[in-house]
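Understanding the architecture of this molecule
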Amino acid sequence: MFSLKGSGERDRHRIAMGGTQSPPYYTPLSKPTPNATTATSYLKKPKLYSLAIITILCSLSYLFGVWQHGGATTSSPTSNLGATIPCFSTSQNNTITNTNTQPHSSSSNVPQLDFASHHSANAGGATTLSPAVKSYPPCDIKYSEYTPCEDQERSLKFDRDRLIYRERHCPEKNELLKCRVPAPYGYKNPFQWPLSRDLAWYANVPHKELTVEKAVQNWIRFEGDRFRFPGGGTMFPNGADAYIDDIGKLINLKDGSIRTAIDTGCGVASWGAYLLSRNILAMSFAPRDTHEAQVQFALERGVPALIGVIASKRLPYPSRAFDMAHCSRCLIPWDNMVISLLCGSYGAYLIEVDRVLRPGGYWILSGPPIHWKKHWKGWERTMEDLNAEQMQIENVTRSLCWKKLIEKDDISIWQKPANHLKCKKFRTVVRNPPFCPAQNPDQAWYTNLETCLTPLPEVSNKEEVAGGQLEKWPERLTAIPPRISTGTVNGVTAESFQQDMQLWKKRVSYYKKVNNQLGQAGRYRNILDMNAFLGGFAANLIDDPLWVMNVVPVEAKFNTLGVIYERGLIGTYQSWCEAMSTYPRTYDLIHADSVFTLYKDRNGQDSKTEGSLIIRDDVDILVKVKRIADALNWESQIVDHEDGPLEREKLLFAVKLYWTAPASSADDQQSKAT
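Residues numbered from 1 in each chain as written. Predicted model: local features only at pLDDT ≥ 70, side-chain atom pairs only at ≥ 80, totals over all residues. Heavy atoms only, no water.

**As for the sheet that holds strand β4 (residues 221-223)**
What the three strands build is an open sheet, ordered β3-β5-β4; its pairing is antiparallel. Looking at which strands have only one partner, the edges of the open sheet turn out to be β3 (199-201) and β4. For this sheet, the mean inter-axis angle between neighbouring strands, taken without regard to orientation, is 30°. Where β3 lies against strand β5 (residues 226-228), three bridges are found, and the strand directions are antiparallel. (Pairing = 2+ DSSP bridges. Helix = DSSP H or I, 4+ residues; strand = E, 2+ residues; numbered from the N terminus. Axes fitted to C-alpha atoms, helices over the stretch in contact; angles between N-to-C directions.)

Listed below in C-alpha cells is the structure:
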C-alpha cells in the first residue's frame, strides 16, 4: 500500500541521538611544562591508562547500542499485530501506492524509528495497551444496507404520530453489531464525478422499486448492469437542470449570494446533484421509508445527503445555516403541521425551516397545493381542499414575517426578513407564534422542535443583517465569519481563525505527499471530516472536484458548525457514540483529527469498499487504533507528523481492502429486487 522512502534527515537524527558519535575528548586540568622532562615522564603512564579505559568503555557502549538496535530491526512488519509499531519518516516523496500494487520493500535503505520501549503492540508489551484485539467476522448479507439508528424493524416500536417512528432510534448496547458489514456481491467502485451524477452500478444498490414506481416521473431507469438518473423529479419531469433554470429566473443563483441549500424530501437528490455544477452545495435529506433506497441512491451518485425527517426533533444543523430551502412535492402533511394553538403546534415544519434559514434566505415550494387550479384533477383532490391548504401555508409564512416574492407556474418563493425589527412590532398585532424565550438556537442534537419563533440577533437599524452580512461566494470561504468577528464563538478569534487556515494549508499539502491519490482529481468524490472544528481541512480541498461533510461532535468543546456554514461549507452535528444517519459505504475517504482522544477507544464510521482513512492523534492512541484497523482487515501505516518524528502526534493512513458478500448471496439479492 505504501511506498515510504527514507531520508537523510532520519540518519542525521540517529547520529544526534549518540549511536555513532565519536568518544569525548580528554582534557587535562592543567598544562604540563614542556621543558620539565620529569613532569612529562610522570604524566605519560597515567594518560595511557586513561585512554585505554575510555576506549574500552566506548567500545562496550557501541556494542550495547548495536545489540539493542539489532533486536528492534528484526521485528515483524507493522501489519502484524504481534509486532512493534514503527513510525516512518515521510519528509521526502513518500506516497501511497495503488491498492492493487504490492508495497515496495524498503527495509534495506530506510532506517526505522522504533518505539519498542513504550509502544509495543504485542500482548507482552507495554501494560498500558489493551489485550489483543479479536478479529471481526463478516455480518450476514441482510445487513449490507444496515442503518443502526434508522432500522425499519426497530422503528415500528415507536409512535407513528408526526412521523416520530421515522426519527433516529439507535440500538441499545446489547443490540450493537460486532461484525463487519459486507458489500453486496459484485460491488464495484462507483463512477467518478461528474459521471456518477448520472450513473450508478446496479450491484451496489440492488433495488429496482423506484424504476417502476417513479417511471413516469423520470427519477431513475434500469439499463443492464447500471442505473441511469435522467435528472427528473415529480415536479420537474423535464429535468432538474431546466427546473433550476426556472428558479434562476426568479432569484439570482449566479452572483454567489446563494451557496448553501437544504432539500426536504429529496428523492434521489437530483435537485442537489445539478446544483453542484453551479457552485451551490445542497444538503439533501429524506426518511428511510417506502421509497426504498432513495437516500442511498443519492449517496451512490456522490451527492450530499443524510437520512432524516422533520418530526418532533430539530434538524441537526445550526441556526442561520442555509441560504435557500427547497420543498418539491415533499409530502409535508400541512393539515397536521398547521394546527390550532390548543393542540400545541403552529406550523412546526416551517418554524424549523425558519430557524435554519439565514436572514434574507429563500424558501421554495413546488407541488401541492401550488398552482392547484391547473393540477387539482391530477392530484385527485378537491379544489376546496387544495385552496384551504394553500391558505394555511400563506397564513403561517405571514406569521413568520416572511415575504412572498413570487408565484409563477408551479413555483412559489418566500423570503425570510434580514432582521426582526418589523416582526417584533408585528407581534403586537399577531401574537402567534410567539418569540422563543432565551435559548440556544444552535443546539440541535435530539433537541425538541419549538412551536415558537427563533429570534434573530439584535440589530441597530432596519437595514442591518442580523448576525452579520456574509460575503458572496467564493470570498466568504476565507473571510472572517460573522460569528467570529462578533465574538459569539467562545475561544475563537479572528487571529486564531487565520492561524487555523494556514495550519490546514500545511497539513493538507502534507497529506497529498503521503497519499498521492488525494491530489488526483476525481479519485475521491466525498469526504467525511469527523471533527471539523472551523472547516480548515475542507477549505483547503475546495479546488478539488469533491465535497466534505464537516461534522462537529456534540461533545466538542466549541460549537463551531455555524462558522462552517458561514464559510459556505456544509456539515452536521453528530455524537460518535452513535451511528451516523447514513448508509454503509457512503464516503470515499474519512478524516479524523483527535477524534479518538475526544472519545477514548471509540470506533469510527464505515467508508466505502477500498475507501481510505486518515487519523491524526497521539501515537499511543494510534497504536491501539491500528490494532483495530488490522482486525478489521484494513491495510494501514503510521507515519510521522508533518513537523517531524519528534512530535507525539502521528498520522495513521489506511485503506479498507476490497471484500464482498459471497457469490451465493447474489441470488438472494436478485430475488428480493424482483
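**A closer look at the environment of glutamate 175**
Considering the arrangement of structural elements, one finds glutamate 175 in the loop between α3 (152-155) and β3. On the accessibility criterion, glutamate 175 (33% relative accessible area) is partly exposed. Spatially, the C-alpha atoms of glutamate 175 and proline 148 are 9.4 Å apart, while their sequence positions differ by 27 residues. (Buried < 20%, exposed > 50% of the residue type's maximum accessible area, 1.4 Å probe, protein only.)

**Quick word on the nonpolar core**
Where a protein is soluble and globular, its nonpolar side chains tend to be buried together. Tyr317, Tyr349, Trp363, Tyr511 and Leu528 are the most contacted members of the largest nonpolar core, which has 89 residues in total. For this core, the leading source of residues is helix α9 (residues 348-356), giving six residues. Membership of the second largest hydrophobic core comes to 30 residues, among which are Ile247, Ala282, Ile411 and Tyr583. (Core = buried A, V, L, I, M, F, W, Y, C linked by side-chain atoms within 4.5 Å.)

**As for helix α11 (residues 383-399)**
Spacing of three or four residues puts side chains on the same side of an α-helix, whose turn is 3.6 residues. Here α11 spans 24 Å end to end across 17 residues, near enough to the 24 Å set by a 1.5 Å rise per residue. Within the span of α11, buried status applies to Leu386, Glu389, Gln390, Ile393, Glu394, Val396, Thr397 and Ser399. In the stretch just after α11, cysteine 401 is the one whose phi turns positive, near 70°. (Expected span 1.5 Å × (residues − 1).)

**Observations regarding the pattern of salt bridges**
This model, assessed by the stated rule, comprises 32 salt bridges. Residue aspartate 225 pairs with arginine 226 through a salt bridge whose shortest N-O separation is 3.0 Å. Judged by relative accessible area, which is 35%, aspartate 225 ranks as partly exposed. A salt bridge links aspartate 630 to lysine 626, with the nearest nitrogen and oxygen atoms 3.1 Å apart. On the criterion of helical spacing, the pair formed by aspartate 630 and lysine 626 is a turn pair, its members being four residues apart in helix α19 (residues 619-631). With a relative accessible area of 0%, lysine 626 lands in the buried category. Through salt bridges with shared partners, a single ionic network connects Arg507, Asp593, Arg616, Glu642 and Glu649. (Salt bridge = Lys/Arg side-chain N within 4 Å of Asp/Glu carboxyl O.)

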